Amino acid sequence: MNQSLINDFLERIRQTESKSENKYTRFFTSYTIESTSRYPSSKNINVQVSHMEFRSNPKVKLYYLLAISAFVILVAYKVFSFKEKDSALAILGYVTIVILTAAVYSTIRDFYYAKTRNYTILVDGSGIKVGETFYGWKGVGETAILTKSTYGPSQTKYLIIAFDDLSTYEKYDLTGFVTAKYEGVSPELSAYIEHFKSLKKD
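Residues numbered from 1 in each chain as written. Predicted model: local features only at pLDDT ≥ 70, side-chain atom pairs only at ≥ 80, totals over all residues. Heavy atoms only, no water.

A. Representation of the sheet that holds strand β6 (residues 140-150) within the structure. Here four strands make up an open sheet; going across it, the order is β1-β6-β7-β8 and the pairing antiparallel. In this open sheet, the two edge strands, each paired with only one partner strand, are β1 (29-35) and β8 (169-173). If you compare each strand with its neighbour and ignore which way they point, the axes differ by 25° on average. Bridge count for β1 against β6 is seven bridges, and the pairing is antiparallel. Bridging from a neighbouring strand, Ile33 pairs with Leu146 of β6. Packed on one face of the sheet, helix α1 (residues 3-19) meets β1, β6, β7 (155-163) and β8 and runs near 155° to β1. Its contacts with the sheet place helix α4 (residues 186-198) against β6 and β7, and it is angled at close to 170° to β6. (Pairing = 2+ DSSP bridges. Helix = DSSP H or I, 4+ residues; strand = E, 2+ residues; numbered from the N terminus. Axes fitted to C-alpha atoms, helices over the stretch in contact; angles between N-to-C directions. Contact = heavy atoms within 4.5 Å.)

B. How the structure looks around the pairing of β7. Counting buried residues along β7, seven of its nine residues qualify, which places the element largely inside the surrounding structure. Sheet topology note: the β6/β7 ladder contains nine bridges and is antiparallel. The residue of β7 that forms the bridge with Ile145 is Leu159. Pairing of β7 with β8, which is carried by five bridges, proceeds in the antiparallel orientation. Along β8, the bridge assignment pairs Leu159 with Tyr172. Counting the residues in the hairpin turn of β7 and β8 gives five residues, including Leu166, whose phi is positive at 55°. (Buried < 20%, exposed > 50% of the residue type's maximum accessible area, 1.4 Å probe, protein only.)

C. Quick look at the packing of aromatic side chains. A full pass over the atoms with the stated rule returns eight aromatic pairs. A centroid spacing of 6.2 Å and a plane angle of 65° characterise the contact between Phe54 and Tyr192, whose relative ring orientation is edge-to-face. Placement of Phe54 in strand β2 (residues 51-55) and of Tyr192 in helix α4 is noted, with a sequence separation of 138 residues between them. Comparing Phe54 with Tyr192 shows no difference in burial state: the two are buried. An angle of 35° between the planes, with centres 5.7 Å apart, marks the rings of Tyr135 and Phe163 as tilted. Residue Tyr135 is found in strand β5 (residues 133-136), and its partner Phe163 is found in strand β7; the two are separated by 28 residues along the sequence. Accessibility expressed as a relative area gives 9% for Tyr135, which makes it buried. Taken together, the ring pairs connect Tyr119, Tyr135, Phe163, Tyr172 and Phe177 into an aromatic cluster. (Phe/Tyr/Trp six-rings, centres within 6.5 Å; stacked < 30°, edge-to-face > 60°.)

D. Seen up close, the sheet that holds β2. Pairing within the open sheet is antiparallel, and its four strands lie in the order β2-β3-β4-β5. Two strands close off the open sheet at either side, each with one partner strand: β2 and β5. Neighbour to neighbour, the strand axes of the sheet diverge by 15° on average, direction disregarded. Both β2 and strand β3 (residues 120-124) contribute to a ladder of five bridges, which runs antiparallel.

E. Looking closely at the layout of surface pockets. In this structure, the second largest pocket occupies an estimated 170 Å³ of space. Around the second largest pocket, the lining residues are Trp137, Lys138, Val140, Gly141, Glu142, Glu194, Lys197 and Lys200. Where the lining of the second largest pocket is concerned, the elements lending two or more residues are β6 and α4. Ranked by residue count, the leading element in the lining of the second largest pocket is β6, at three residues. Class assignment for the residues of the lining of the second largest pocket results in two nonpolar, one polar and five charged. (1 Å grid on protein atoms, 1.4 Å probe; cavity = no way out; pocket = protein on both sides within 12 Å on 5 of 7 lines; lining within 4 Å. Points joined across faces, edges and corners; volume = space filled by probe spheres on them. Nonpolar A, V, L, I, M, F, W, Y, C, P; charged D, E, K, R; others polar.)

F. Up close: the environment of Ser42. On the secondary structure map, Ser42 appears in the loop between β1 and β2. The class for Ser42 is buried, based on a relative accessible area of 16%. With 150 residues separating them in the primary sequence, Ser42 and Tyr192 have C-alpha atoms 8.8 Å apart.

Written out as structure tokens, the structure reads:
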């Protein structure tokens, strides 16, 4: 497949995702996209394996939830220790507790039940399976990592599976795939994708 056409399609994907931001968040958000073949990949992969599986990390989700819960408890303790003369602060504290409790609920629902963040990626010589959906290499035109950067150091990475019609694609949030490495799962995932692409079966 013509590499120039693939590059043009990746750029269209980047622009599409950028335009999906509303007028307020667009100012603080930027997108970059890189083919897995050119993404800075991990060099230490096991080329002897017949497949590689990546799972979202529930422990990290638990730590995140515990941190938020601890903060809610701390705020609640401060609120209930206020004296009558601090009623204005107490009201503000109650409002804060409600907001933080809603945040905890949202986190539980999102991290533990949202299918968009809880799935397994399986890569082998026949294709790539994301959750329950399988994509054979024959129908995949390109794979890429899309990076969404917001104001500050915050980044969200997505796996892009672009189909060989060069007009449609699927996007998968990699937030749940947390590793001890600063770069996250993207380098290792990219390396295995490219490895198994080179071994693709008919």
